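Structural characterization, general
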Amino acid sequence: MAVKTRVMLLILALLISWTSLNVEAQPIALGQPIKGIELPIKLEIDDLLNMTVMENGLVKVDEVVKATATGYLTLKQQYPLPFLFKRFIEMDKTDVELENLTVNFDDANRRVTASYVALGMTAKRMDKWVFTMEGDAKLTTRAGNTLVFSKTLPMPMGGKKNMIITIHLPESASDISVTTEGGNTKIYYRLPSSGFGGNPILMGVLAILVILLILNLVLKEGLMGLPKMLRRGKS
Amino acid sequence: MSISGKNLISLVLLVLIVVVGVLTFTGASALGGEPKLDIKVHHKEQIISAAYKVYGRPSLKFWVAKTVLRNTGDVPVRNVEVSYYIEGYTSWSTPTKYDEIPPGGAVVDTYYPKLPKKVAELTSPVPTKLYIKVTYEKNGRTEEVIQSKDIELLGVHDIVYSSIPAEESLLTFPDVFSNSPLLAAWVTPTDPVVREFSDLGNKLAGGAGASLSDEEALKTMQGIWQALLIRGITYKTEPEGFWTGKFAQYVKFPRDTILDGEGTCIDLTIMYASLVAAQGLTDVYIMLVPGHAFPIVRLPQSGSMIPIETTTLNQGATFKEAVQTAVYNWQQKFSKGPYIPISVKIWQASGVTPPELPPLPPDILERKGIKQKIMAVISKLGGELRTYSNNYFSVRYPASWSEDGGTDDEGSYVSWTYPEDEGMILYVSWTPFQGSLGDYVSYIESLYEEQRIGMQQGQIGSCPYIVASYAWEYEGQPWMSNEIYLLCGGTGIHLSFQAEKRYWDDGTARTVWERVASTFYPMMVGG
């Protein structure tokens, strides 16, 4: 059995004691007013994402997460190791696959940096490309093919993360529009058509063949007469 | 017929153009390569039937399958279609179409099936198959790939707390409980059984309008707690789980817990959340902490979060004790984390809604004798409570009980007696007292011949107090009492609530005690 699986089973065995906890009964409270509790975590995080959309639809992402001193400490408690930070990044990327993820904790500057490639954020449908972001994001700025969005997400244990998402569409992208559909934010754009999409080498060969055919038909003696014509032209 | 050289060349060129053209536009060629599609499918191994509606709501992101299609070739893959099918439960889904996946590109396709109602009728896990069909164009033809995966539809009471495969799990608390929001599907405030029981609790509270104010909300919460005590709901450890290799649990719907009279901590939490939600206190949470669960109710005015330790039902704790115990446990243990607060209001509004439960006879609470038990207590309480206060203390008492007062061996006193048979008496005395609280208790105890059966100590401001229980016989009938001794600003105060044992057994005395103890308050509390 793999070590990880064994660790998992050990943890599960500990957790299975779910119902066996003995709670500590407290003495009667008489007429004192009932006081509640507060969830201690008021985490507020700034999450800056820089997304570069490539022509093949993959998205290269550089993410910087910043917090106050207390917030950073809480964040590190929740995600103590870089590999655990994956869940923070995935929070609003359920329908996406992440690859080549690297995460670095920069304790001195109270920030976490991450970079990865996101698969599945774009797709080509009905002749248009569509970039999908989970949740309702607000378009704040647009300059050429760069769009800036903002959105806020609640954190699982309380608090929120404020996201600023900068999206760089490919330089050749045109006809860009932004909509909200089914609770998600979508950016539609077009890329120059790859024509019929044929193999470029074969397309070159095809073009030469067509030219040759035309020459053969146009010249009086066809292609066979071409060398004679060239010699005549020299003399 | 002979063909000239020119025509022969034209013919050859034409044939070559056709051949190369076909190769160019179908994508295949020894020179260029062909489409290569890499297909990777993630899927949920178990479907949680109680939350079957959730899987059909893409906004909730609980996909059943996630297919990653990657073009590893060097020509585009065109006209890709992906569809899914769960054997015995769905038909093939409408294919999702992708015009083109460029070389090096990828798409991620997710499956959110609309499962049929019959899923909620499953009483035990049922194995079946999930099929994934991918078609795409290759060399001018349609290529089809079908994969199948084993999945299991769980019984309607079963939950698997995580659907993250072991090899992908980060083993953190949120990962191990990644399905926990689905517990909101067990919260059923509109179930007729829950509503009727909740209404009985609210009647016990004197018909409070829970959502109007914090005070009314707390009254309702207390009334529901008292109804649960009268019903005799007990906390039990899970007798029969099922083992899927993941952390899993059999979770009862609130109606089952009410009718069975017992439940685990998660059952009791879900039941209490449903009962208060049925009275309009919809901002409720299921709080998960390692090894435990408890409900939290957000009060309508102040927004204060009131946790309730529902497992103290076993000890017959008062509502205040249940809250105090939960607050203590939170402050001492659980607040340090990890924990997951599941907002029933938010998740249910997002679409984590309960399944259709089978209809029960409308008089099921009467058939089980539950309604009669609670109604009997309501009738003995005689409706509203009234407040008595003087310079030393204030307390609330049943308005219909007979009042008496004067002086006796203990000092000045006031008392109220259940008028039907005098089987319950609430008595409070007060007297100037110089000495310790222990001396005061000894002095009062010396006046009677009762056997002390329990004692707890506490403090309100600068005033120490002791809560003690006694048992004795009077005219052949067993009696029990709960008593509070309090020393405050040089005055000894003694509150005694005595009742025949039968009234303790049927829940009436406990309900009166809860109300009295929770409203009894000395006037000279100090710092």
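Residues numbered from 1 in each chain as written. Chains lettered and ligands numbered in written order. Predicted model: local features only at pLDDT ≥ 70, side-chain atom pairs only at ≥ 80, totals over all residues.

1. Notes on the overall build of chain B
- Scanning chain B from N- to C-terminus turns up 13 helices and 26 strands.
- Taken against the 2.2 N^0.38 rule, which gives 24 Å for 527 residues, the C-alpha radius of gyration of chain B at 34 Å runs more than 25% over that of a compact globule.
- Counting the 527 residues in chain B, one finds 45% classified as buried.
- Sequence-distant contacts, at least 24 apart, represent 63% of the contacts inside chain B between residues at least 6 apart. (Helix = DSSP H or I, 4+ residues; strand = E, 2+ residues; numbered from the N terminus. Rg over C-alpha atoms; globule rule 2.2 N^0.38 Å. Buried ≥ 20, exposed ≤ 12 C-beta atoms within 10 Å, placed from the backbone. Contact = placed C-beta atoms within 7 Å.)

2. Some thoughts on the overall build of chain A
- Counting secondary structure elements, chain A contains 5 helices and 11 strands.
- A buried classification covers 29% of the 235 residues belonging to chain A.
- Long-range contacts, defined here as pairs at least 24 residues apart, represent 50% of the contacts in chain A between residues at least 6 apart.

3. Here we look at unusual backbone geometry
- A positive phi angle, close to 55°, is found at Asp175 of chain A, a residue other than glycine.
- Locating Asp175 of chain A in the fold gives a position in strand 10 (residues 174–181).
- For Lys61 of chain B, which is not glycine, the phi dihedral falls at a positive 70°.
- Summarising the element assignment, Lys61 of chain B is placed in the loop between strand 2 (46–47) and strand 3 (65–71).

4. Observations regarding helix 13 (residues 508–519) of chain B
Residues and elements named next belong to chain B.
- With 12 residues, helix 13 should cover 16 Å at 1.5 Å per step; its first-to-last C-alpha distance of 17 Å lies within 8% of that length.
- Of all 12 residues making up helix 13, 11 are buried, and the element is well covered by its neighbours.
- Listing the buried residues of helix 13 in full gives Thr508, Ala509, Arg510, Thr511, Val512, Trp513, Glu514, Arg515, Val516, Ala517 and Ser518. (Expected span 1.5 Å × (residues − 1).)

5. Quick word on the domain arrangement of chain B
- As far as domains go, chain B holds domain 1 (1–27), domain 2 (37–156), domain 3 (174–367) and domain 4 (382–522).
- For domain 1 of chain B versus domain 4 of chain B, the distance between C-alpha centres works out to 111 Å. (Domains from an automatic or database assignment.)

6. Description of the pairing of strand 11 (residues 184–190) of chain A
Residues and elements named next belong to chain A.
- Residues Thr185, Ile187 and Tyr189 point to one face of strand 11 and are all buried, whereas Asn184, Lys186, Tyr188 and Arg190, pointing to the other face, are not buried.
- Pairing of strand 6 (residues 128–133) with strand 11 involves 5 bridges; the strand directions are antiparallel. Pairing of Val130 across the sheet is with Tyr188, part of strand 11.
- Note: strand 10 against strand 11, 6 bridges, orientation antiparallel. For Thr180, the partnering residue across the bridge sits in strand 11 and is Thr185.
- The hairpin formed by strand 10 and strand 11 contains 2 residues between the paired strands, and Gly182 there has a positive phi angle of roughly 55°. (Pairing = 2+ DSSP bridges.)

7. Let's talk about the sheet that holds strand 3 of chain B
Residues and elements named next belong to chain B.
- If you walk across this open sheet you meet the 3 strands as 1-3-6, and the pairing is antiparallel. The two strands at the open ends of the sheet, each matched to only one other strand, are strand 1 (37–43) and strand 6 (106–111). Going across the sheet, the axis of each strand differs from the next one's by a mean of 15°, ignoring polarity.
- Two elements, strand 3 and strand 6, share 6 bridges in a ladder whose sense is antiparallel. If you follow Thr67 over to strand 6, its bridge partner there is Asp109. (Axes fitted to C-alpha atoms, helices over the stretch in contact; angles between N-to-C directions.)

8. Here's the deal with the sheet that holds strand 23 (residues 463–474) of chain B
Residue and element names in this part refer to chain B.
- In space, the 7 strands of this open sheet follow the order 19-20-21-25-24-23-22, with antiparallel pairing throughout. Where the open sheet ends on each side, the last strands, each with one partner, are strand 19 (402–408) and strand 22 (451–460). Averaged over all adjacent pairs, the angle separating strand axes in this sheet is 15°, with direction ignored.
- Taken together, the 6 bridges between strand 20 (residues 411–417) and strand 21 (residues 424–432) define a ladder with antiparallel strand orientation. Counted as the bridge partner of Tyr413 is Ser429 from strand 21.
- Here helix 11 (residues 437–446) sits on the sheet and contacts strand 23, strand 24 (477–488) and strand 25 (491–500); the angle it forms with strand 24, its principal contact strand, is near 150°.
- Sitting on the sheet, helix 13 touches strand 21, strand 24 and strand 25, and the angle it makes with strand 25 is about 165°.

9. Considerations on the confidence of the model for chain B
All names here are of chain B.
- When the pLDDT values of chain B are averaged, the result is 89; 95% of them are 70 or greater.
- Per-residue pLDDT stays below 50 along residues 240–245; that stretch engages in 10 contacts with residues further than four places along the chain or on separate chains.
- Two numbers describe this predicted complex: its pTM, 0.79, and its ipTM, 0.74. (pLDDT = per-residue confidence, 0-100.)

10. Re the pairing of strand 6 of chain A
Residues and elements named next belong to chain A.
- The two faces of strand 6 differ: Trp129, Phe131 and Met133 on one face are buried, but Lys128, Val130 and Thr132 on the other face are not.
- In terms of strand pairing, strand 5 (residues 122–125) meets strand 6 through 4 bridges, oriented antiparallel. Looking at strand 6, one finds that Thr122 is bridged to Phe131.
- Once strand 5 ends, the chain turns through 2 residues before running back antiparallel as strand 6, passing Met126 with a positive phi of about 50°.

11. What to know about the environment of Pro478 of chain B
Residue and element names in this part refer to chain B.
- On the secondary structure map, Pro478 appears in strand 24.
- Measuring from C-alpha to C-alpha, the distance between Pro478 and Arg502 comes to 8.3 Å, with 24 residues separating the pair along the chain.
- Every residue in contact with Pro478, bar those within four places of it in the chain, is listed here: Ala471, Glu473 and Lys501.

12. Looking at the nonpolar core
- Ranked by size, the top nonpolar core spans 187 residues in total, and within it Val276, Ile286 and Val344 of chain B carry the most contacts.
- Counting residues per element, this core draws most heavily on helix 6 (residues 265–277) of chain B, at 10 residues.
- Those residues in contact with Val344 of chain B that sit more than four places away from it in its chain are Ala184, Val187, Ala273, Ala277, Val284, Tyr285 and Ile286 of chain B.
- In terms of nonpolar packing, the next biggest core, distinct from the first, is built from 5 residues, Leu202, Leu206 and Leu209 of chain A together with Val20 of chain B among them. (Core = buried A, V, L, I, M, F, W, Y, C linked by C-beta atoms within 7 Å.)

13. Regarding the packing of helix 4 (residues 214–231) of chain B against helix 10 (residues 370–381) of chain B
Residues and elements named next belong to chain B.
- One can describe the packing of helix 4 onto helix 10 by two numbers: an axis separation of 9 Å at closest approach and a directional angle of 120°. Accordingly, the angle class assigned to the pair helix 4 and helix 10 is oblique. Between helix 4 and helix 10 the crossing geometry is right-handed. Facing Ala227, Ile230 and Arg231 of helix 4, the residues of helix 10 in contact are Ile370, Lys373, Ile374 and Val377.
- In terms of residue class, the contact of helix 4 with helix 10 is made up of 5 nonpolar, no polar and 2 charged. (Parallel < 35°, antiparallel > 145°, perpendicular 65-115°, else oblique. Left-handed = near helix turned anticlockwise from the far one by under 90°. Nonpolar A, V, L, I, M, F, W, Y, C, P; charged D, E, K, R; others polar.)

14. Description of the environment of Ile187 of chain A
All names here are of chain A.
- Relative to the assigned elements, Ile187 resides in strand 11.
- For Ile187, a count of 23 C-beta atoms within 10 Å corresponds to the buried category.
- If sequence neighbours within four positions are ignored, Ile187 has contacts with Phe131, Leu147, Ile167, Ile176 and Val178.

15. Considering the confidence of the model for chain A
- Taken as a whole, chain A shows an average pLDDT of 81; of its residues, 79% reach a score of 70 or greater.
- The low-confidence segment residues 1–28 of chain A (pLDDT under 50) makes 56 contacts with residues lying over four places distant or belonging to another chain.

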